[in-house]
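# Fold and geometry: a report
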Amino acid sequence: MANISFYGSHNAAVAVESDGHLITVIEIERFLSIKNAGYTQYLPSYTRPFLIRHLLEYIEEKHGILAFETCYYLNTDAYDEGKFTHYQEYIPAQKYVNCLHHLSHAACGFYQTDYEKALIVSFDGGGNDGYFNIYLARDRSGIDLLEKFDLDLGFPYMSFGDYLNDIQKEHALSIGNLVYPGKLMGLCSYGKLIENWLPRFEHYYRCKPDGSNYRKLLEELGEKINLTFDPQNRFVGQVAWDIAKTSQIAFENVFLEMVQPFLDHYPDFPLILVGGCALNILLNTRLKETLNRPVFVPPNPNDCGIAAGMILNHIKPEKAMDVTYAGIEILDKNTLMTYVEDKRGNQLNLTTLAKDLSDGKIVGVVRGPSEHGPRALGNRSILCNPAHPDMKEVLNANVKNREWFRPFAPVCRLEDVEKYFHFSGESRWMSFCPTVREEWRERLQAITHVDNTARVQTVTQKQNPWLYQLLGEFEKYSGIGVLLNTSFNINGKPLLSRYADAIIVFEQTHLDRLVLADYYFTK
Ligand SMILES: [Fe+2]
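None of the values given here were measured: they were computed from a predicted structure.

What follows deals with unusual backbone geometry. The backbone of Asp19 sits at a positive phi, close to 50°, despite the residue not being glycine. Position of Asp19 relative to the elements: it lies in the loop between strand S2 (13–18) and strand S3 (21–27). By relative accessible area, Asp19 is classed as exposed at 68%. Here the phi dihedral of Arg344 falls at roughly 55°; this positive angle occurs in a residue that is not glycine. Overall, Arg344 belongs to the exposed group, its relative accessible area being 70%.

Now the structure itself:
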């Protein structure tokens, strides 16, 4: 019989297991097209029964599953408006098991590897079992908690987003915050580390600022470094970038301060990073480059992976469970042939597509099941030629409408990664940002960030045959085996889940070509 898990806070998701396999992860943000959506946030409480009913109907239609043996959930994530949501009311299961936030993160990471043992760090803005937990998996039978630190590195990191003028201001920090960290990482590459600020920033991190006291703590930080932190009068230019950079290094240093003793004590254990802070590719890369051990970050380290983690902790698979493309299918699949007729779609031909990409065309791709996790990995991607002149500016201004400083990521075949980047091995989920090799920087300027790094995705024939073959074909015409790969979405929304949304982007931006399943659309 099947099992289900339900995570309800921000980045809510439902995962389903059948016969020992995790068969789908439905991220509610994709279902509703509301970025980082939560079940108990963003929507009125009276809509919850309708949302759950639609999710269950999706599972029934796609997978033929009507009822469940066990429903795994986190009680605390469903607390809203003074009461708990009772999943028991809406989800048909024989029993209901309350789980732990960070343990689920840890299982989510560990059981996506083949490791027989691992040291696991789960750290983020907090859950029902803490903020910064360290676990040990001695074998694949379970995961033990080693230590809990009362240290939140997530909230203080993102708090700076409210104070730097280059970053588009979002709603209140508690809502807009989740998009700040990625932007801060992009911006800090323009800054420099201010050595005499560093101890003050580290102190700020150690004070565990939260929504109630961060303004006061930032004021105190400002007094010590002669700056005024005022969200109404945000920092502009170099000083803002230096704040971002110094904050990043402080974040990394405080992390290492906590984790180094465990790294020393378990020298032959691979390191797994999970929790929302494991989306910090700068820290991930520093660890990968400096630690003499494997460093693994799953595709879904943030809260979108908790539902999968609850299920994986139940299954405890013998071998790595691949959830890369376990996301939802296109929700308006039955409209495809209408678009093919109305918009004159042709049968997709890989050679034509590769030639168009080589000529500088910008192409939206919607094929196959969606990526699970925040990165576009070829199935909901916009692809283009990173060597085409001004591609970054064209893409930013005419298609993506993003802040000027945000870099674009490359994708290449696994066997090519060493040719273009100072990196070896897999970066399947864009968790690392190595430097681009000097001889390629000028040619690949659209994917080379100001500090010469790139958040590369590697792909193999087995992992995504279509994307792998496209890279080979593209190389024949362009002479390079690297494509620029950015997320296919309506501005500010999550990866799209409807052909209708792809058509909107195609018709309302300068996107030149569109791939919907096996059809190709031109303008
Ligand atoms: Fe979390």
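The next point concerns the UniProt feature "domain: Carbamoyltransferase C-terminal" (unreviewed entry) in the chain. Cross-referencing UniProt, the feature "domain: Carbamoyltransferase C-terminal" (unreviewed entry) maps to residues 354–523 in the present numbering. In the segment residues 354–523, helix accounts for 28% and strand for 18%; the C-alpha atoms at its two ends are 17 Å apart.

In terms of residue burial, helix H4 (residues 101–110) counts as a mostly covered element, since nine of its 10 residues are buried. Within H4 the residues assigned to the buried category are His101, His102, Ser104, His105, Ala106, Ala107, Cys108, Gly109 and Phe110.

What follows concerns the side chain of Asp303. Mapped onto the elements of the fold, Asp303 is located in the loop between strand S12 (295–296) and helix H12 (306–315). Here Asp303 is buried and forms no salt bridge, its nearest opposite-charge partner Arg375 lying at an N-O distance of 14 Å. In terms of polar contacts, Asp303 uses its side chain to reach the side chain of His101, at 3.3 Å. Discounting chain neighbours no more than four positions away, the residues touching Asp303 are Tyr7, His10, Asn11, His101, His105 and Asp124.

So, about the layout of surface pockets. Considering only enclosed or pocket space, the second largest pocket measures out at about 480 Å³ in volume. Lining of the second largest pocket is provided by 22 residues; of these, Gln112, Phe296, Glu426, Arg428 and Trp429 occupy positions nearest its centre. Grouping the constituent residues of the lining of the second largest pocket by class yields nine nonpolar, seven polar and six charged. Of the domains in this structure, domain 2 (111–300) and domain 3 (333–522) are the two that each give at least three residues to the lining of the second largest pocket.

This next bit is on the nonpolar core. By size, the foremost hydrophobic cluster in this structure holds 124 residues, and its most contacted members are Phe123, Phe132 and Phe255. It is helix H10 (residues 238–265) that contributes the most residues to this core, 14 residues altogether. When we break this core down by domain, the ones giving at least three residues each are domain 2 (111–300) and domain 3 (333–522). Discounting residues that sit within four places of it in the chain, Phe132 has contacts with His102, Val121, Ser122, Phe123, Glu147, Lys148, Phe149, Leu151, Leu153, Phe255, Met258 and Val259. In this structure, Cys99, Ala106, Ile143 and Trp429 belong to the second largest nonpolar core, which totals 36 residues.

Here we come to the pairing of strand S10 (residues 142–149). As paired strands, strand S9 (residues 130–139) and S10 are joined by six bridges and run antiparallel to one another. Note on S10: the bridge partner recorded for Phe132 is Phe149.

In the structure shown here, the tally under the stated rule is 24 salt bridges. A salt bridge links Arg30 to Glu27, with the nearest nitrogen and oxygen atoms 3.5 Å apart. Salt-bridge contacts for Asp416 lead to Arg413; the nearest nitrogen and oxygen are separated by 2.8 Å. It is possible to trace a salt-bridge network through shared partners that takes in Glu170, Lys183, Glu403 and Arg406.

Attention shifts here to a negative patch on the surface. A cluster of acidic residues, Asp114, Glu116, Asp139 and Glu318, forms a negative patch at the surface. Its place among the elements puts Asp139 in strand S9.

Quick look at the domain arrangement of the chain now. Taken domain by domain, the chain consists of domain 1 (3–98), domain 2 (111–300) and domain 3 (333–522). Computed over C-alpha atoms, the centres of domain 2 and domain 3 are 29 Å apart. Between domain 2 and domain 3, the contact holds 22 residues from the first and 22 residues from the second. Looking only at domain 2, the three residues that lose the most surface to domain 3 are Tyr190, Ile281 and Pro299, adding up to 30% of its buried area. At the junction of domain 2 with domain 3, the criterion picks out one salt bridge.

A sheet is described by the order of its strands in space; here five strands give the open sequence S3-S2-S1-S4-S7, paired in mixed fashion. Looking at strand neighbours, the two that pair on one side only are S3 and strand S7 (93–98), the edges of this open sheet. Looking at each pair of strands side by side, their axes are set apart by 20° on average, direction ignored. Along the sheet, helix H2 (residues 48–63) makes contact with strand S1 (3–7), S2, S3 and strand S4 (68–73), crossing S3 at roughly 140°. Packing against the sheet, H12 makes contact with S1, S2, S3 and S4, and its axis sits at approximately 145° to S1.

Take the coordination of the iron ion next. Looking at the metal site, the iron ion is ligated by His101 (NE2), His105 (NE2), Asp124 (OD) and Asp303 (OD), spaced 1.9 to 2.2 Å from it. Coordination at the iron ion comes from four donor atoms whose angles at the metal span 90 to 147°, giving a geometry best classed as irregular. Summarised as a motif, the one-chain spacing of the donors to the iron ion is H-x3-H-x18-D-x178-D. One end of the pair, His105, is in helix H4; the other, Asp303, is in the loop between S12 and H12, and 198 residues separate them in sequence. The exposure class assigned to His105 is buried, which follows from its relative accessible area of 1%.

This part covers the sheet that holds S12. Read from one edge of the open sheet, five strands run S10-S9-S8-S11-S12, paired in mixed fashion. Edge positions in the open sheet fall to S10 and S12, since each of these has one partner strand only. The pairing of strand S8 (residues 118–127) with strand S11 (residues 271–274) spans four bridges and is parallel. Its bridge partner being in S11, Ile120 is matched across the sheet by Ile272. Set on the sheet, H4 makes contact with S8, S9, S10, S11 and S12; between it and S8 the angle comes to about 140°.

So, how was this worked out
- Residues numbered from 1 in each chain as written.
- Predicted model: local features only at pLDDT ≥ 70, side-chain atom pairs only at ≥ 80, totals over all residues.
- Heavy atoms only, no water.
- Helix = DSSP H or I, 4+ residues; strand = E, 2+ residues; numbered from the N terminus.
- Buried < 20%, exposed > 50% of the residue type's maximum accessible area, 1.4 Å probe, protein only.
- UniProt positions renumbered as here; feature names shortened; annotations may be inferred.
- Lys, Arg positive; Asp, Glu negative; His and termini not counted.
- Salt bridge = Lys/Arg side-chain N within 4 Å of Asp/Glu carboxyl O.
- Polar contact = N/O pair within 3.5 Å; in protein donor to acceptor, adjacent residues only side chain to side chain.
- Contact = heavy atoms within 4.5 Å.
- 1 Å grid on protein atoms, 1.4 Å probe; cavity = no way out; pocket = protein on both sides within 12 Å on 5 of 7 lines; lining within 4 Å.
- Points joined across faces, edges and corners; volume = space filled by probe spheres on them.
- Nonpolar A, V, L, I, M, F, W, Y, C, P; charged D, E, K, R; others polar.
- Domains from an automatic or database assignment.
- Core = buried A, V, L, I, M, F, W, Y, C linked by side-chain atoms within 4.5 Å.
- Pairing = 2+ DSSP bridges.
- Patch = residues over 30% accessible without salt bridge, like charges linked within 9 Å, V, L, I, M, F, W, Y side chains within 5 Å.
- Areas by Shrake-Rupley, 256 points an atom, 1.4 Å probe, with all protein chains shown as cover.
- Charge placed at Lys NZ, Arg CZ, Asp CG, Glu CD.
- Buried area = accessible area lost by both parts, 1.4 Å probe.
- Axes fitted to C-alpha atoms, helices over the stretch in contact; angles between N-to-C directions.
- Donors = N, O, S within 2.8 Å, 3.2 Å for Na, K, Ca; no water.
- Tetrahedral: all angles 85-135°; square planar, octahedral: opposite > 155°, others 65-115°.

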